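The chain contents come next:
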Protein chains: 2
Amino acid sequence: MSLDPGIATLLKRNADGLVPAVVQDATSREVLMLAWMNDEALSRTLTTRRGTYWSRSRQQYWVKGETSGNTQHVREVRIDCDGDTLLVLVDQTGPACHTGATTCFTDRTLLADAEAADA
Amino acid sequence: MSLDPGIATLLKRNADGLVPAVVQDATSREVLMLAWMNDEALSRTLTTRRGTYWSRSRQQYWVKGETSGNTQHVREVRIDCDGDTLLVLVDQTGPACHTGATTCFTDRTLLADAEAADA
């Protein structure tokens, strides 16, 4: 499956041929996770509307939810102004994080919202 | 300004000592941009609550809005489950993108929302 050449020319990949993909819940607007795509992962995602990434640790393609059942139906994909980041809007089934949390950012706050704490 | 050691141990940096920071508008929940931080940029961001990044192209620190006036007041900073991505929630003044667009993802859609198009 090869990536549309018109899209391929927009992509500014890192030295490993990858671009970061910010994955956001289309409904809650929560940022769920950050994953990485190469051309093939992007092509598969655009074609199948299933969130498909490149696992840097396992060095293989990875369809989100294929094992866990916590799939991502891809609603929309955007690329940023300089072509080096993707934004993937999804309908997330179940928790997005492998820890069981709703998002990968749920549990660890480095700086709290002072205004919310004051309220 | 050095980063709190408790936070520094959580960070999983890339080969250049950087982690991607997803920047999200705290109110609209739109994803505004993706930028990069090293320990010092994160420390400055946590301390000053002004969005501060490392510019890979210019190889220097960069306080968002210092030139344009389109500043970011940082409401909250989170780190993801495996420590290699930051989520920065901000109050964005003016457009976030250097193109003048609200977000860096405003203009370029690779895959449209089929359900929205059908509606």
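No experiment lies behind these values; they were computed from the predicted model shown.

## Examining the relation of the copies chain B and chain A
Here is step 1 of the chain: Screw-axis analysis of chain B against chain A gives a translation of 0.0 Å along the axis, an RMSD of 0.0 Å, and a rotation angle of 180°. With respect to symmetry, the two chain copies, as superposed, fit the operation of a two-fold axis. Every residue of chain B has its C-alpha some distance from the rotation axis, and the shortest such distance is that of Arg29 of chain B, at 2.9 Å.
Here is step 2 of the chain: A shared interface surface links the copies, since 100% of the contact residues of chain B are contact residues in chain A too.

## Side note on the UniProt feature "binding site: Zn(2+)" (unreviewed entry) in chain A
Here is step 1 of the chain: The feature "binding site: Zn(2+)" (unreviewed entry), as annotated in UniProt, sits at Cys81, Cys97 and Cys104 of chain A in this numbering. Taken together, the annotated residues stretch across 24 residues and extend over separate regions, lying up to 27.9 Å apart by C-alpha.
Here is step 2 of the chain: By the secondary structure assignment, Cys81 of chain A is in the loop between strand 5 (72-79) and strand 6 (86-92).
Here is step 3 of the chain: Residue Cys81 of chain A is classed as partly exposed on the basis of its relative accessible area of 25%.
Here is step 4 of the chain: Excluding its chain neighbours within four sequence positions, the residues that come into contact with Cys81 of chain A are Cys97, His98, Thr99, Cys104 and Arg108 of chain B.
Here is step 5 of the chain: Checked against the element boundaries, Cys97 of chain A lands in the loop between strand 6 and strand 7 (108-111).
Here is step 6 of the chain: Those residues in contact with Cys97 of chain A that lie beyond four places of it in its chain are Thr102, Thr103 and Cys104 of chain A together with Cys81 of chain B.

## A closer look at the side chain of Thr52 of chain A
All names here are of chain A.
Here is step 1 of the chain: Structurally, Thr52 can be placed in strand 3 (residues 52-55).
Here is step 2 of the chain: Using a relative accessible area of 2% as the deciding quantity, one classes Thr52 as buried.
Here is step 3 of the chain: A distance of 2.8 Å separates a polar atom in the side chain of Thr52 from the backbone oxygen of Arg50.
Here is step 4 of the chain: Sequence-distant contacts of Thr52, that is, excluding residues within four places in its chain, are made with Met37, Ala41, Arg44, Thr45, Trp62 and Val63.

## Details of the interface of chain B and chain A
Here is step 1 of the chain: Each partner contributes residues to the interface: chain B has 44 residues there, and chain A has 44 residues.
Here is step 2 of the chain: Here chain B meets chain A over a buried area of about 3900 Å², counting both sides, of which 59% is carbon and sulfur.
Here is step 3 of the chain: Among the residues chain B hides against chain A, the three largest losses belong to Arg108, Leu110 and Leu111 of chain B. Together they make up 21% of the total.
Here is step 4 of the chain: In this structure, the connection of chain B to chain A is made through 4 salt bridges.
Here is step 5 of the chain: As a salt-bridge pair, Arg56 of chain B and Asp84 of chain A come within 3.3 Å of each other at their nearest N and O atoms.

## Structural notes on the pattern of salt bridges
Here is step 1 of the chain: The full count for this structure, using the stated rule, is 12 salt bridges over all chains.
Here is step 2 of the chain: The salt bridge partner of Arg13 of chain B is Asp39 of chain B, with a shortest N-O separation of 2.7 Å. Placement of Arg13 of chain B in the loop between helix 1 (5-8) and strand 1 (19-25) and of Asp39 of chain B in helix 2 (residues 39-48) is noted, with a sequence separation of 26 residues between them.
Here is step 3 of the chain: Residue classification places Asp39 of chain B among the partly exposed positions, given a relative accessible area of 23%.
Here is step 4 of the chain: By sharing partners, the salt bridges in this structure join Arg75 and Asp91 of chain A together with Asp113 of chain B into a single network.

## Examining the sheet that holds strand 7 of chain A
Here is step 1 of the chain: If you trace the 5 strands from one edge of the open sheet to the other, you get 7(A)-5(B)-6(B)-1(B)-2(B), paired in mixed fashion. Edge positions in the sheet fall to strand 7 of chain A together with strand 2 (31-37) of chain B, since each has one partner strand and no second. The sheet shows a mean angle of 30° between the axes of neighbouring strands, taken without regard to direction.
Here is step 2 of the chain: Where strand 5 (residues 72-79) of chain B meets strand 6 (residues 86-92) of chain B, 7 bridges bridge the pair, whose relative direction is antiparallel. Looking at the pairing, Ile79 of chain B lines up with Leu86 of chain B of strand 6 of chain B.

## Comments concerning the packing of aromatic side chains
Here is step 1 of the chain: A full pass over the atoms with the stated rule returns 4 aromatic pairs over all chains.
Here is step 2 of the chain: Where Tyr53 of chain A meets Trp62 of chain A, the ring centres are 5.1 Å apart and the plane angle is 50°; that geometry is what we call tilted.
Here is step 3 of the chain: With a relative accessible area of 26%, Trp62 of chain A lands in the partly exposed category.
Here is step 4 of the chain: Both rings, one in Trp54 of chain B and one in Tyr61 of chain B, keep their centres 4.9 Å apart while their planes meet at 70°; by these two values the pair is edge-to-face.
Here is step 5 of the chain: Relative accessible area serves as the criterion here: at 28%, Tyr61 of chain B is assigned to the partly exposed category.
Here is step 6 of the chain: In this structure, Arg44 of chain B packs its charged tip against the face of Tyr61 of chain B, placed 4.1 Å from the ring centre.

Analysis parameters
- Residues numbered from 1 in each chain as written.
- Chains lettered and ligands numbered in written order.
- Predicted model: local features only at pLDDT ≥ 70, side-chain atom pairs only at ≥ 80, totals over all residues.
- Heavy atoms only, no water.
- Least-squares fit on C-alpha atoms with pLDDT ≥ 70 in both.
- Contact = heavy atoms within 4.5 Å.
- UniProt positions renumbered as here; feature names shortened; annotations may be inferred.
- Helix = DSSP H or I, 4+ residues; strand = E, 2+ residues; numbered from the N terminus.
- Buried < 20%, exposed > 50% of the residue type's maximum accessible area, 1.4 Å probe, protein only.
- Polar contact = N/O pair within 3.5 Å; in protein donor to acceptor, adjacent residues only side chain to side chain.
- Buried area = accessible area lost by both parts, 1.4 Å probe.
- Salt bridge = Lys/Arg side-chain N within 4 Å of Asp/Glu carboxyl O.
- Pairing = 2+ DSSP bridges.
- Axes fitted to C-alpha atoms, helices over the stretch in contact; angles between N-to-C directions.
- Phe/Tyr/Trp six-rings, centres within 6.5 Å; stacked < 30°, edge-to-face > 60°.
- Lys NZ or Arg CZ within 6 Å of the ring centre and 35° of its normal.

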